[in-house]
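Chain residues, written in single-letter form:
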Amino acid sequence: MRLIKVLTCGLLLCSAGCSKAPQEKAITIVNAAAVDAPLLERLRTFAENELHVSVRTLEKPKLAGRKDFQTLEKAAQRIKTDADVTLIVLSGFNNEPKHLAVVPENGIAVVNAQALYTADSEKFARRMERMVMRAAAFTFGMEPTPDPFCVTRDYRSLEDLDTMGRNFSPPWQGRYAEEALRRGLTPVDVFVGKDRQLPAAP
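Report on the accompanying structure. (Residues numbered from 1 in each chain as written. Predicted model: local features only at pLDDT ≥ 70, side-chain atom pairs only at ≥ 80, totals over all residues. Heavy atoms only, no water.)

In contact at an axis separation of 10 Å, helix 2 (residues 37-51) and helix 5 (residues 121-139) are set at 45° when each is read in the N-to-C sense. Between helix 2 and helix 5, the crossing angle belongs to the class labelled oblique. Once helix 2 is placed against helix 5, the crossing between them reads as right-handed. In this structure, helix 2 uses Leu39, Arg42, Leu43, Phe46, Ala47, Glu50 and Leu51 to contact helix 5, whose residues at the interface are Glu122, Phe124, Ala125, Arg126, Met128, Glu129, Val132, Met133 and Ala136. (Axes fitted to C-alpha atoms, helices over the stretch in contact; angles between N-to-C directions. Helix = DSSP H or I, 4+ residues; strand = E, 2+ residues; numbered from the N terminus. Parallel < 35°, antiparallel > 145°, perpendicular 65-115°, else oblique. Left-handed = near helix turned anticlockwise from the far one by under 90°. Contact = heavy atoms within 4.5 Å.)

Take a look at the structure:
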């Protein structure tokens, strides 16, 4: 009887010690079979360097195949946790010209990679980087800026999209940082080797 009690206490202590700590709040990029692993990591690193908050990725290929933005957004709601301050889903839709849909009240954005695709892999990667940055801003309720170099500005075509910068203008950087802090995101400094990561070129 005493042995059973000792074993029971040991199991309880072990399970308490092994219980999962709460996950750190972050921006989460969900890949619904839209990009390959190297590009997904490039998007994560780029966003983290530019936003100065934690950015993580999830592979959710089962989310692919949803017929429209609304259906995918509802599916994304089911996987979003309290730790996902913003959930950015990368997917693709047939015959859908829209590039990005954002639901700020749910903290969810859906990027239509199919409408952004080009055989030029570098141009495609930069388009995706811009969409992730736009999604991060718009899920926080930020408006497009008139600054012609800011990634949040309005654009008229893919060719116009390709000419804009890939980061926020200084005022929008400040606004984003304030809102990120308010929502519980911890600021992070990103380093490459011994040198701090420089702002990305347009």
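Moving on to the sheet that holds strand 4 (residues 100-103). Taken in spatial order, the 5 strands line up as 2-1-3-5-4 in an open sheet, and their pairing is mixed. Unpaired on one side and paired on the other, strand 2 (55-59) and strand 4 mark the two borders of the sheet. This sheet shows a mean twist of 20° between the axes of neighbouring strands, independent of strand direction. In terms of strand pairing, strand 1 (residues 26-31) meets strand 3 (residues 84-91) through 6 bridges, oriented parallel. (Pairing = 2+ DSSP bridges.)

Okay, the packing of aromatic side chains next. Enumeration over the complete set of coordinates arrives at 4 aromatic pairs. Considering the side-chain rings of Phe168 and Tyr176, the 5.5 Å spacing of their centres and the 45° angle between planes classify their relative orientation as tilted. Take Phe168 and Tyr176: they sit in the same class, and that class is buried. Feature note: the residues Phe140, Phe168 and Tyr176 constitute an aromatic cluster, connected by ring pairs. When the ring centre of Phe69 is taken as origin, the NZ or CZ atom of Lys98, which lies over that ring, is 5.6 Å away. The side chain of Arg175 reaches across the aromatic face of Trp172, ending 4.9 Å from its centre. (Phe/Tyr/Trp six-rings, centres within 6.5 Å; stacked < 30°, edge-to-face > 60°. Buried < 20%, exposed > 50% of the residue type's maximum accessible area, 1.4 Å probe, protein only. Lys NZ or Arg CZ within 6 Å of the ring centre and 35° of its normal.)

Here we come to unusual backbone geometry. If you check the backbone angles, Ala33 has positive phi at about 60° while not being a glycine. Relative to the helices and strands, Ala33 is located in the loop between strand 1 and helix 2. Residue classification places Ala33 among the exposed positions, given a relative accessible area of 54%. Positive phi values are uncommon outside glycine, yet Asn95 reaches one of about 55°. With respect to the helices and strands, Asn95 occurs in the loop between strand 3 and strand 4.

The next thing to look at is the pairing of strand 1. With respect to burial, strand 1 is a largely interior element, 6 of its 6 residues being buried. Of the two faces of strand 1, the one lined by Ala26, Thr28 and Val30 and the one lined by Ile27, Ile29 and Asn31 are each fully buried. Once the chain exits strand 1 it traverses helix 2 before rejoining the sheet at strand 2, and the crossover so formed is right-handed. (Right-handed = clockwise from strand over helix to strand, strands pointing away.)

You can see Glu59 is positioned in strand 2. Once the C-alpha coordinates of Glu59 and Ala34 are considered, the two residues, 25 residues apart in sequence, prove to be 9.9 Å apart. In contact with Glu59, other than residues within four places in its own chain, are Asn31 and Leu40. In terms of polar contacts, Glu59 uses its side chain to reach the side chain of Asn31, at 3.0 Å. (Polar contact = N/O pair within 3.5 Å; in protein donor to acceptor, adjacent residues only side chain to side chain.)

Take helix 3 (residues 69-79) next. Turning to helix 3, its buried residues number three or more, namely Phe69, Leu72, Glu73, Ala75 and Ala76. For helix 3, the buried positions fall inside an angular range of 165° around the axis, keeping them on one side. Residues of helix 3 that are exposed and point more than 90 degrees away from the buried face comprise Gln70 and Arg78. Packed against the buried residues of helix 3 are strand 3, strand 4 and strand 5 (108-112). The backbone nitrogen of Gln70 has a side-chain oxygen 3.3 Å away, supplied by the residue at the start of helix 3, namely Asp68. (Arc of directions from axis to C-beta.)

For the structure on display, the rule yields 12 salt bridges. The partner of Asp84 in a salt bridge is Arg56, with the nearest N and O atoms 3.4 Å apart. Of this pair, Asp84 sits in strand 3 while Arg56 sits in strand 2, and the two are 28 residues apart along the sequence. Look at Asp84 and you get buried, because its relative accessible area is 4%. (Salt bridge = Lys/Arg side-chain N within 4 Å of Asp/Glu carboxyl O.)

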